[in-house]
Amino acid sequence: QVQLVESGGGLVQPGGSLRLSCAASGSIFNIYAMAWFRQAPGKQRELVARITSGGTTNYADSVKGRFTISSTRDSVNAKNTVYLQMNSLKPEDTAVHYCAAGVGASGYDYWGQGTQVIVSS
């Protein structure tokens with residue numbers, strides 16, 4: 001089992017920045033990839049960014065050049081932390097952002113509760 005806890009959401013003005021964090025604990029050594037998804041009101045959940053255990057990253061076209069995903073691992077305490085640095089935020093980035101972890105090459109098995117990001121003046 002893997003537990004995911006997100007933090008860092010909030011209200012920010014257009015053009016501003018936020019950094020989301022996702023702390024993963026439990027069976028982290030089984031994790032192949034971690035990702036950030038988001039879901040805006042009335043829209044489907046979409047993949048924002050993904051990072052594999054090998055460090056490969058992927059981004060949605062809408063966030064390329066503005067968002068950066070990164071991760072750190074604390075092997076002693078069996079914790080992974082994944083970050084999403086969000087710069088040049090736009091009102092259309094407003095959504096609940098979810099952290100996810102997958103143990104296989106496709107699909108995600110564990111989800112966090114979500115953190116709200118609101119971009120508004």
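The notes below deal with the structure included here. (Residues numbered from 1 in each chain as written. Predicted model: local features only at pLDDT ≥ 70, side-chain atom pairs only at ≥ 80, totals over all residues. Heavy atoms only, no water.)

**What about the environment of Gly 107?**
- Relative to the elements of secondary structure, Gly 107 occurs in the loop between strand E9 (95-102) and strand E10 (110-111).
- Judged by its relative accessible area of 41%, Gly 107 is partly exposed.
- Taking C-alpha positions, Gly 107 is 9.2 Å from Ala 33, a pair spaced 74 residues apart along the chain. (Helix = DSSP H or I, 4+ residues; strand = E, 2+ residues; numbered from the N terminus. Buried < 20%, exposed > 50% of the residue type's maximum accessible area, 1.4 Å probe, protein only.)

**Focus on the state of the cysteines**
- Tallied over the entire structure, the rule returns 1 disulfide.
- In this model, Cys 22 is linked to Cys 99 through a disulfide, with the two sulfur atoms separated by 2.0 Å. For the disulfide bridge between Cys 22 and Cys 99, the dihedral angle about the S-S bond is near -80°, and by the sign convention the bridge is left-handed. With Cys 22 in strand E3 (residues 18-26) and Cys 99 in strand E9, this pair connects stretches of sequence that are 77 residues apart. The residues Cys 22 and Cys 99 share a single accessibility class, namely buried. (Disulfide = S-S within 2.5 Å.)

**Some points on the environment of Gln 116**
- One can find Gln 116 in strand E11 (residues 115-119).
- A relative accessible area of 38% places Gln 116 in the partly exposed class.
- Spatially, the C-alpha atoms of Gln 116 and Arg 38 are 9.2 Å apart, while their sequence positions differ by 78 residues.
- Of note is the side chain of Gln 116, whose polar atom sits 3.4 Å from the backbone oxygen of Ala 95. (Polar contact = N/O pair within 3.5 Å; in protein donor to acceptor, adjacent residues only side chain to side chain.)

**Observations concerning the environment of Arg 66**
- Relative to the elements of secondary structure, Arg 66 occurs in the loop between strand E6 (57-59) and strand E7 (67-74).
- Residues Arg 66 and Leu 89, 23 residues apart in the sequence, show an inter-C-alpha distance of 7.7 Å.
- Looking at Arg 66, its side chain comes within polar contact range of the main-chain oxygen of Ser 62, at 2.9 Å.

**Some details on the side chain of Arg 50**
- With respect to the helices and strands, the residue Arg 50 is situated in strand E5 (residues 46-52).
- For the buried Arg 50, no salt bridge is present, and the opposite-charge side chain at shortest range is Asp 109, 11 Å distant.
- Within polar-contact distance, the side chain of Arg 50 engages the side chain of Tyr 108 at 3.3 Å.
- Here Arg 50 is in contact with Tyr 32, Ala 33, Met 34, Ala 35, Thr 56, Thr 57, Asn 58, Ile 69, Ala 105 and Tyr 108, once residues within four sequence places are set aside. (Lys, Arg positive; Asp, Glu negative; His and termini not counted. Salt bridge = Lys/Arg side-chain N within 4 Å of Asp/Glu carboxyl O. Contact = heavy atoms within 4.5 Å.)

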